[in-house]
Amino acid sequence: TWHLKKIPQIVSGRTFSLDSPKFEAKPKLELNSVCGIECQRKLPVPSLSDLKDLLSYETVFENGTRTLTEVSVLGPVLDPAGNTTTRRSPRKKRQIYGTDSRFSIYDKRFMTNFPFNTAVKISTGCSGVLISPKHVLTAAHCLHNGKDYVKGSKRLRVGLMRTKSRGDGRKQRRSGRKQGTSDGMPSFQWTRVKSTHIPKGWFKGVSGDIALDYDYAVLELKRPHKRKYMELGISPTIKMMPGSMIHFSGFDNDRSGQLVYRFCSISDESNDLFYQYCDAEPGSTGSGVYLRLKEPNKKKWKRKIIAVFSGHQWVDVNGEQQDYNVAVRITPLKYAQICFWIHGNDETCTQG
């Protein structure tokens, strides 16, 4: 069951203008973090002043201007100690672990319907997920490498899936431009991004080469879409998930033009990260990781986003380097922040 939790409040303070970014960074497909699972568990609980710093955020607008907004955190800041389940997992390697268990979605009825239609493509080469009529959740490193915004993120676009209609082929021949792929494969309706929000914790985490707990970003679209989107949920612990299973869909680079779905069980977790062996290749980074649980006091089931797929990482486990595919959990604080970015106020974000 989805459990309602009282959410801390994120209240915005002063906003400062910053110099415009250079937009010259090269995107990194694989991230290295020296702070592994044991290291994560030993990290001190952030103080209120730390949280203010980590959850303050940069906003980049489509004209290239940039601001920094300070925030305050009010209400219950939950002790993260009760937010994990200790679990051991065998040593494995590679982004595809053993037999490739990914599914390419070809059927138009699935591709253009919920939940698969919530998956979007980011013009920098990543994936994302629709979380409101105007907002997309993705990974921060798809836009920023920790020092500068990546090339192409100044004119950022989001591709919403559509299947090619019969008329597309005629239009394509007339215009001489390639608009889509073969029948049954998705093409994209591209929408410009109005603004981008990235938490300050991402910049601090990367520059200090520590855990990538803040590898998430929200894009505001210039025009709203009319599709069904996926709501946010608070990430439960492994033991509270049916079969410890998670699901996500994205656009893996090795299956060009295809929507790729996968599910797997989580192997381990820290307060902010899920460590798992879901088969994934670059391109699926930024996908929304979701669960399907029952609504409280109802018989209805509901899917919600509980993490953002960050990608393949090498982490330190028992003094050895081990690789995982890692997802950033939606904690109550991150829920409050993302909800604030969507609605522009904290009043609608009190229950998660």
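Residues numbered from 1 in each chain as written. Predicted model: local features only at pLDDT ≥ 70, side-chain atom pairs only at ≥ 80, totals over all residues. Heavy atoms only, no water.

**What to know about the overall build of the protein chain**
Then, number 1: Scanning the protein chain for helices and strands turns up six helices and 18 strands.
Then, number 2: When burial is assessed residue by residue, the protein chain has 55% of its 352 residues classed as buried.
Then, number 3: In the form shown here, the protein chain has an accessible surface area of approximately 16,300 Å², with 49% of it arising from carbon and sulfur atoms. (Helix = DSSP H or I, 4+ residues; strand = E, 2+ residues; numbered from the N terminus. Buried < 20%, exposed > 50% of the residue type's maximum accessible area, 1.4 Å probe, protein only. Areas by Shrake-Rupley, 256 points an atom, 1.4 Å probe, with all protein chains shown as cover.)

**Some points on the confidence of the model for the protein chain**
Then, number 1: Overall, the predicted model of the protein chain reaches an average pLDDT of 79, with 76% of residues at or above 70.
Then, number 2: Counted against residues more than four places away or in other chains, residues 87-94, with its pLDDT under 50, gives 23 contacts.
Then, number 3: A low-confidence stretch, residues 169-182 stays under pLDDT 50, and its non-local contacts, those more than four residues away or across chains, total 11 contacts. (pLDDT = per-residue confidence, 0-100. Contact = heavy atoms within 4.5 Å.)

**Observations regarding the packing of aromatic side chains**
Then, number 1: For the structure on display, the rule yields nine aromatic pairs.
Then, number 2: Aromatic pair Tyr57 and Trp341: ring centres 5.4 Å apart, planes at 75 degrees, arrangement edge-to-face. Of this pair, Tyr57 sits in strand β3 (residues 57-61) while Trp341 sits in helix α6 (residues 332-343), and the two are 284 residues apart along the sequence.
Then, number 3: By relative accessible area, which is 7% here, Tyr57 ends up buried.
Then, number 4: Taken together, a centroid distance of 5.5 Å and an interplanar angle of 85 degrees make the contact between Phe116 and Tyr261 edge-to-face. Note that Phe116 is positioned in the loop between α3 (108-111) and β6 (119-122) and Tyr261 in strand β14 (residues 259-269), a separation of 145 residues in sequence.
Then, number 5: For Phe116, a relative accessible area of 12% corresponds to the buried category. (Phe/Tyr/Trp six-rings, centres within 6.5 Å; stacked < 30°, edge-to-face > 60°.)

**Focus on the nonpolar core**
Then, number 1: Core analysis: the biggest nonpolar cluster contains 69 residues, and Leu55, Leu137, Val158, Tyr216 and Ile338 have the highest contact counts within it.
Then, number 2: For this core, the element with the highest residue contribution is α6, accounting for eight residues.
Then, number 3: Ranked by size, the runner-up nonpolar core spans 17 residues in total, among them Trp2, Ile238, Met241 and Ile246. (Core = buried A, V, L, I, M, F, W, Y, C linked by side-chain atoms within 4.5 Å.)

**Regarding the state of the cysteines**
Then, number 1: Under the counting rule described, the total for this entry stands at one disulfide.
Then, number 2: Note on cysteine connectivity: Cys126 is disulfide-linked to Cys142, with sulfurs 2.2 Å apart. Torsion about the S-S bond of the Cys126 and Cys142 cystine: about -95 degrees, corresponding to left-handed handedness. Of the two residues, Cys126 sits in the loop between β6 and β7 (127-130) while Cys142 sits in the loop between β8 (135-138) and β9 (157-163), which places them 16 residues apart along the sequence.
Then, number 3: Under the relative-accessibility criterion, Cys126 is labelled buried at 8%. (Disulfide = S-S within 2.5 Å.)

**Description of the side chain of His141**
Then, number 1: Its location among the elements puts His141 in the loop between β8 and β9.
Then, number 2: Those residues in contact with His141 that lie beyond four places of it in its chain are Lys28, Leu31, Val150, Trp202, Asp215, Thr285 and Ser310.

**Thoughts on helix α2 (residues 48-55)**
Then, number 1: Among the residues of α2, those classed as buried are Leu51, Leu54 and Leu55. Down the axis of α2, the buried side of the element spans an arc of 85 degrees, and every buried residue falls inside it. (Arc of directions from axis to C-beta.)

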